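# A closer look at the structure
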Amino acid sequence: MIKHYLVAGSLALFSTLATAEQSMLTPWDMPQNAIHQMTNNITAYNKCMMESRLNANQTSKAATQNADDILHSCDPKLDELKELLTANDVNPGLVEGMARSLRSKAARKLMGQAMNNMAAQAAALENVEKSNQ
């Protein structure tokens with residue numbers, strides 16, 4: 001019976017040590033100034049996306065290429081966010097998840113706009129062809 005408790009206690013201690021290696025902190029567990037910096041980093045990322053989108057509309061590249069260029073140009077802003085969260089001992093899974101979520105949301109928005117622009121261009125071309133007939 002004592003061996004059973006000893007083994008169970010050892011397993012409990014080992015599992016506690018194994019989970020202690022990975023932080024359980026969330027972004028909202030950070031100090032207030034770090035939370036403020038996090039929101040500033042997210043705002044900077046969104047601003048980068050908006051400005052890059054405006055600049056990309058002035059180029060003659062394909063819509064998908066523009067979207068890819070925009071996403072890559074703003075990746076350093078996401079890296080800054082990930083560095084801040086990591087420095088404040090936020091759970092690594094949450095750090096990656098937040099960055100992935102922000103990037104995928106931006107990608108969906110970009111591709112939606114690209115598809116709408118392509119549809120509008122196709123409709124305009126069709127109208128021009130009809131008016132020429």
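Residues numbered from 1 in each chain as written. Predicted model: local features only at pLDDT ≥ 70, side-chain atom pairs only at ≥ 80, totals over all residues. Heavy atoms only, no water.

This part covers the overall build of the protein. Looking only at helices and strands, the protein has 4 helices and 0 strands in total. The linear arrangement of helices and strands in the protein, starting from the amino end, is α-α-α-α. By residue count, 24% of the 133 residues in the protein fall in the buried class. A sequence separation of at least 24 residues applies to 73% of the contacts in the protein between residues at least 6 apart. If you sum the accessible surface of the protein, you get close to 9500 Å²; carbon and sulfur atoms cover 60% of it. (Helix = DSSP H or I, 4+ residues; strand = E, 2+ residues; numbered from the N terminus. Buried < 20%, exposed > 50% of the residue type's maximum accessible area, 1.4 Å probe, protein only. Contact = heavy atoms within 4.5 Å. Areas by Shrake-Rupley, 256 points an atom, 1.4 Å probe, with all protein chains shown as cover.)

The residue Ile-70 is located in helix α3 (residues 63-87) in this model. With relative accessibility at 5%, the residue Ile-70 sits in the buried group. Through-space distance from the C-alpha of Ile-70 to that of Met-49 is 6.6 Å; in sequence the pair is 21 residues apart. For Ile-70, the contacting residues outside a window of four places in its chain are Met-49, Ser-52, Arg-53, Ala-56 and Leu-110.

What follows deals with the confidence of the model for the protein. Across the protein, pLDDT averages 81, with 81% of residues at or above 70. Per-residue pLDDT stays below 50 along residues 3-19; that stretch engages in 0 contacts with residues further than four places along the chain or on separate chains. (pLDDT = per-residue confidence, 0-100.)

Bringing the state of the cysteines into the picture now. This structure, assessed with the given rule, holds 1 disulfide. Note that Cys-48 is cross-linked by a disulfide to Cys-74, the S-S spacing being 2.1 Å. Measuring handedness by torsion sign, the sulfur bridge of Cys-48 and Cys-74 sits at about -95 degrees and is left-handed. Residue Cys-48 is found in helix α2 (residues 32-56), and its partner Cys-74 is found in helix α3; the two are separated by 26 residues along the sequence. The same class applies to Cys-48 as to Cys-74, namely buried. (Disulfide = S-S within 2.5 Å.)

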